[in-house]
Structure formats: structure tokens, C-alpha cells
Amino acid sequence: MKKTVLVPGGAGYIGSHVTVELIESGYDVVIADNMSNCDETNYRGVCQIVGREVPFVKMDFCDAEAVKALFKKYHFDAVIHFAAFKAVGESMTEPLKYYSNNILSFTNMLQAALDAGGCNILFSSSATVYGEPEKFPVTEASPRQDATSPYGNTKKMCEDILFDSVRAYPTLKGIALRYFNPIGAHPSALIGELPRGVPNNLVPFITQTAIGKRESLSVFGNDYPTSDGTCLRDFIDIVDLAKAHVCAVRRMIEGKMEQDYEIYNIGTGRPLSVMELLNSFIRVSGVKLNWHFAPRRAGDITAIWADPTLAQQKLGWKAERKLDDTLASAWAWEKHLAGK
Ligand code: WQD
């Protein structure tokens with residue numbers, strides 16, 4: 001009997017890539033999304049890649065009645081919760097929008113899962129919970145620090161809500177995956193990152209500059225205490241990241257968990273500077289990219305990268321895709337969007 005996974009926010013960048021990997025690993029998937037932060041592009045791409053219509057429910061997880069109805073209509077063996085707003089900058093100017101949406105959608109889902117008899121819950125968390133780390137690489141035991149944004153705070157709060165819920169309710173199990181910096185697109189170039197308006201993140205800004213949608217890339221800061229003066233990040237390929245979700249869901253559904261709540265860093269373990277990534281993109285794409293140094297961006301941390309050992313040991317997962325292939329996939333996706 002096939003297992004069914006609910007993917008709230010599954011029409012988005014990470015959710016769509018996870019849906020493809022789940023289906024290709026033999027799971028059934030139901031996508032639920034209010035489409036507030038994306039259009040149908042990625043959903044249509046998912047259906048094309050897997051060769052069938054994936055069940056899709058347009059709904060808002062802030063609507064408790066709609067969530068309850070969903071759990072009455074289907075039996076879910078696991079939930080992978082992506083339904084949240086994720087723009088760091090926007091969360092600074094609209095904190096209430098972020099707290100009400102990100103927390104309520106998560107607690108509505110948990111309550112419905114509990115009322116349905118329990119479920120395996122996989123939460124989409126973020127390395128942002130580590131703040132500005134003092135020691136590297138970052139392990140799951142590294143201290144969480146005060147979030148640098150309301151967005152980051154909602155990630156910490158949802159981790160705590162999940163921890164308290166699995167401790168209080170034996171029918172709930174939970175895993176939090178702390179992503180580092182997701183980049184790239186599916187090799188088919190049919191799904192990828194679709195930022196609304198001006199991209200906040202580095203790679204979509206690079207590819208939009210390369211395709212001519214943006215005038216020039218600003219490299220925020222070249223006076224950091226790093227080898228080339230630019231920030232260090234752990235850029236994790238989106239397909240590698242998606243596969244980590246399949247490994248985590250499998251661990252939960254097959255009853256392999258050793259605690260009721262587990263946390264895993266999902267990164268490559270390899271720090272890369274902004275300039276190193278930029279130069280790799282220029283080499284891989286062959287595009288003469290317009291870029292310039294700009295002042296540091298408020299809220300940016302100097303460096304962060306993962307120790308991914310625990311995910312390898314317990315999930316049997318590690319990043320495999322080469323950076324050049326990841327950047328080539330991001331560029332192919334941008335050209336696909338431009339109809340090239
Ligand atoms: C990376 C580096 C910038 C844009 C955030 C969130 C994290 C996750 C990923 C949601 C930084 C530099 C960027 C640009 C640049 N969010 N940069 N020019 O800030 O590390 O992480 O996004 O899932 O939770 O915190 O990612 O891609 O914005 O920046 O120089 O136009 O690239 O200064 O050093 P970040 P990012």
C-alpha cells in the first residue's frame with residue numbers, strides 16, 4: 001500500500017522539488033497551497049516531470065476548518081510543512097503578517113494531524129536559527145541564537161512548537177530539517193526558484209542579471225574577515241535538499257526514529273564565498289555578468305556552514321551534486337523562464 005504525504009506549500013520552490021523526489025521514490029503526494037507566493041508554473045512543471053496530475057488542493061492553512069476538512073478527506077502518513085512566508089526583509093517591516101501566518105498555519109496543521117489520530121511531521125526549518133555562529137562547522141548541537149529577523153524567529157518558534165507537541169502527544173513524531181542556502185533548479189529546467197519581484201537571494205539575482213532582467217548584481221560587502229572579503233555560505237543544491245526530505249520521511253514512516261523529535265542540518269559542509277560562487281557562475285554560463293561591490297547588507301552574517309555528519313549517519317543522506325551542475329541548472333531554468 002502506497003504511503004501518502006501531504007505537502008503544504010508544495011507549489012513553491014522547495015516544495016515542488018520535494019514533491020518530485022517523493023513521487024519518484026514511490027510515495028503518493030497531495031499538494032496544498034494558497035498560491036499567495038507563487039503561480040502555477042512549478043505545479044505544472046511537477047506534473048510534467050512525474051507524468052501525471054498530482055492531487056492539488058488550493059487552500060490556506062490559516063483556515064482551521066479547511067485544514068480539518070483536508071485531513072478528513074485524506075489519510076496522511078506524513079506531512080512536510082512548507083506553508084510559510086520566507087522573505088527575511090519583508091518580515092522586518094511586516095512582523096505581524098509573519099507571526100500570524102507562519103505560526104497559525106503550522107499549529108492548524110498540527111491540531112488537525114493530532115485530531116486525525118496522529119502523524120509524522122517534517123518541518124522546513126533554517127540555519128538562520130543559529131544566528132551568527134561562533135564555532136564552525138555548525139552542528140545540530142550548536143546553540144540557537146536570537147533570530148536576526150521575525151522570519152527567523154518563526155522558524156525557532158515552530159521548532160519549539162513541534163518539540164513540545166511530540167513530547168505531549170505520543171501519536172505525533174517530528175523531524176526538523178535546518179536548510180543552509182538552497183540554490184539551483186531541477187535538471188529538467190521545468191521547476192525552479194520563482195522569486196516575486198526583486199530577488200532577495202544571491203543566485204536568482206545573479207541569473208536575472210545574466211539574462212538581462214537586472215542591470216547589475218550588487219555584491220554586498222567586500223570587507224568581511226574572510227579570504228576574499230565576501231561572506232561565506234553553505235550553498236546546498238535544491239535536488240540534494242529535496243532528497244534529504246525523502247530520507248527523513250522514510251525514517252519516520254518506517255519507524256526508524258530514535259527520539260520522538262530529531263533535528264538535522266542539511267548542507268554540503270563546504271563553505272563558499274559570494275565571490276567564489278559568482279566567479280563559478282560566470283565560468284559555467286560564459287556570461288559576462290555586470291556586478292559591483294556595494295556596502296554590506298544589514299542583517300547579514302559573515303559566515304555559516306554545516307557539519308552534515310548526523311544527516312549522513314542517521315538519514316543516509318549527503319549532498320552529491322557538483323556546484324557547476326547546480327549553477328548550470330539555475331542558468332538553464334532562467335533561460336527556460338525567458339523562453340530561450
Ligand atoms: C547570501 C549571500 C548576501 C544577494 C537567507 C535566509 C535563509 C534562507 C536563504 C529562506 C549574503 C549576498 C545576496 C545579492 C549579495 N531563506 N548577496 N547580493 O541571507 O544567507 O539566507 O536566504 O529560506 O533563511 O536567511 O541568503 O542568498 O540572501 O545571501 O551579495 O543580491 O549573498 O550578502 O552574503 P542568506 P542570500
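Residues numbered from 1 in each chain as written. Predicted model: local features only at pLDDT ≥ 70, side-chain atom pairs only at ≥ 80, totals over all residues. Heavy atoms only, no water.

A.B. asks: Got a minute to help me understand the overall build of the chain in this structure?
C.D. replies: The number of helices and strands found in the chain is 11 helices and 13 strands. Relative to the globule expectation of 20 Å for 340 residues, the C-alpha radius of gyration of the chain, 19 Å, shows essentially globular dimensions. Judged by the C-alpha coordinates and their principal axes, the chain covers about 55 × 45 × 40 Å. Taken over 340 residues, the chain has a buried fraction of 55%. Taking all contacts inside the chain whose residues are at least 6 apart in sequence as the whole, residues at least 24 apart take part in 80%. For the chain, the exposed area adds up to about 14500 Å²; of that, 52% sits on carbon and sulfur atoms. One finds the centroid of the 36 positive side-chain charges in the chain at a distance of 3 Å from the centroid of its 39 negative side-chain charges. (Helix = DSSP H or I, 4+ residues; strand = E, 2+ residues; numbered from the N terminus. Rg over C-alpha atoms; globule rule 2.2 N^0.38 Å. Buried < 20%, exposed > 50% of the residue type's maximum accessible area, 1.4 Å probe, protein only. Contact = heavy atoms within 4.5 Å. Areas by Shrake-Rupley, 256 points an atom, 1.4 Å probe, with all protein chains shown as cover. Lys, Arg positive; Asp, Glu negative; His and termini not counted. Charge placed at Lys NZ, Arg CZ, Asp CG, Glu CD.)

A.B. asks: Got a minute to help me understand the pattern of salt bridges in this structure?
C.D. replies: Pairing is possible between side chains that carry opposite charge, provided their charged atoms lie close to one another. Per the stated rule, a full pass over the model turns up 19 salt bridges. The partner of Asp260 in a salt bridge is Lys173, and the shortest N-O contact between them spans 3.7 Å. Highlighted residues: Asp260 in the loop between helix H8 (238-253) and strand E11 (261-266) and Lys173 in strand E6 (residues 172-179), separated in sequence by 87 residues. Where Glu254 meets Lys256, a salt bridge forms, and the shortest distance between an N and an O atom there is 2.8 Å. (Salt bridge = Lys/Arg side-chain N within 4 Å of Asp/Glu carboxyl O.)

A.B. asks: What am I meant to see in the nonpolar core here?
C.D. replies: Generally speaking, nonpolar side chains in soluble globular proteins are found buried as a group. Residues Leu22, Val54, Leu177, Ile266, Leu315 and Trp317 are the most contacted members of the largest nonpolar core, which totals 43 residues. Per element, the largest residue contribution to this core is 10 residues, and it comes from H8. With residues near it in sequence (within four places) discarded, Leu177 still touches Leu122, Phe123, Ser124, Ser125, Ser126, Ala244, His245, Ala248, Tyr264, Ile266 and Leu315. In terms of nonpolar packing, the next biggest core, distinct from the first, is built from 28 residues, Ala32, Leu70, Phe76 and Ala113 among them. (Core = buried A, V, L, I, M, F, W, Y, C linked by side-chain atoms within 4.5 Å.)

A.B. asks: Hey, could you run me through the environment of Val50 in this one?
C.D. replies: Structurally, Val50 can be placed in helix H2 (residues 41-50). Counting along the chain gives 31 residues from Val50 to Thr19, while the straight-line C-alpha distance between them is 9.4 Å. Those residues in contact with Val50 that lie beyond four places of it in its chain are Val20 and Ile23.

A.B. asks: Help me understand the site of the ligand in this model?
C.D. replies: As a matter of local geometry, the ligand sits amid 18 residues, with Leu202, Ser218, Arg233, Arg297 and Asp300 nearest to it. Here an oxygen atom of the ligand sits 2.9 Å away from a polar atom, N or O, in the side chain of Asn201. Residue Asp300 places a side-chain N or O atom 2.6 Å away from an oxygen atom belonging to the ligand. Burial of the ligand by the protein chains amounts to 89% of its free accessible area of 690 Å². Listing elements by their share of the shell around the ligand, those giving two or more residues are helix H7 (202-211) and strand E8 (217-220). (Near = heavy atom within 4 Å. Polar contact = N/O pair within 3.5 Å; in protein donor to acceptor, adjacent residues only side chain to side chain.)

A.B. asks: Please explain unusual backbone geometry as it appears in this structure.
C.D. replies: Most peptide bonds are trans, and most residues other than glycine sit at a negative phi. Between Phe136 and the following residue, Pro137, the backbone shows a cis peptide bond with an omega angle of -10°. As for its position among the elements, Pro137 is in the loop between strand E5 (119-126) and helix H6 (150-168). Not every positive phi belongs to a glycine, and Met35 is a case in point at roughly 60°. Examined against the element boundaries, Met35 turns out to sit in the loop between strand E2 (28-33) and H2. The exposure class of Met35 is buried, given its relative accessible area of 14%.

A.B. asks: Looking at this structure, how should I read the pairing of strand E4 (residues 78-81)?
C.D. replies: In regular strands, side chains alternate between the two faces of the sheet. By the alternation rule, side chains of E4 split into Ala78 and Ile80 and Val79 and His81, which are all buried. Pairing analysis gives two bridges linking strand E1 (residues 4-8) to E4, with the strands arranged parallel. From the neighbouring strand, Leu6 faces E4, where its bridge partner is Val79. Sheet topology note: the E4/E5 ladder contains four bridges and is parallel. Directly across from His81, in E5, lies its bridge partner Phe123. (Pairing = 2+ DSSP bridges.)

A.B. asks: I tried to follow the packing of aromatic side chains on my own but got confused; where do I start?
C.D. replies: To describe a pair of aromatic rings, one takes the distance between the centres and the angle between the planes. Within this structure, the stated rule accounts for 10 aromatic pairs. For the ring pair Phe136 and Trp305, a centre distance of 4.6 Å and an interplane angle of 15° mean the geometry is stacked. With Phe136 in the loop between E5 and H6 and Trp305 in the loop between strand E13 (291-294) and helix H10 (309-315), this pair connects stretches of sequence that are 169 residues apart. When its relative accessible area of 34% is taken as the criterion, Phe136 is described as partly exposed. An aromatic cluster of at least three residues, connected via ring pairs, comprises Phe71, Tyr74 and Phe76. (Phe/Tyr/Trp six-rings, centres within 6.5 Å; stacked < 30°, edge-to-face > 60°.)

A.B. asks: What is the right way to read the pairing of E8 from this model?
C.D. replies: Residues Leu217 and Val219 line the buried face of E8, whereas the alternating positions Ser218 and Phe220 sit on a face that is not buried. For E8 and E13, the ladder comprises four bridges, and the chain directions are parallel. Residue pairing across strands places Phe220 opposite Ala294, the latter belonging to E13.

A.B. asks: Which parts of the structure should I look at to understand the packing of helix H9 (residues 274-285) against helix H11 (residues 323-337)?
C.D. replies: What describes two packed helices is the angle between their axes and the distance between those same axes. Between H9 and H11, the shortest axis-to-axis distance is 9 Å and the interhelical angle comes to 70°. By the angle class used here, H9 and H11 are roughly perpendicular. Note on packing geometry: the crossing formed by H9 with H11 is right-handed. Residues Leu277, Ser280, Phe281, Arg283, Val284 and Ser285 of H9 form the contact with H11, whose participating residues are Leu323, Asp324, Leu327, Ala328 and Trp331. Considered class by class, the residues forming the contact of H9 with H11 number seven nonpolar, two polar and two charged. (Axes fitted to C-alpha atoms, helices over the stretch in contact; angles between N-to-C directions. Parallel < 35°, antiparallel > 145°, perpendicular 65-115°, else oblique. Left-handed = near helix turned anticlockwise from the far one by under 90°. Nonpolar A, V, L, I, M, F, W, Y, C, P; charged D, E, K, R; others polar.)

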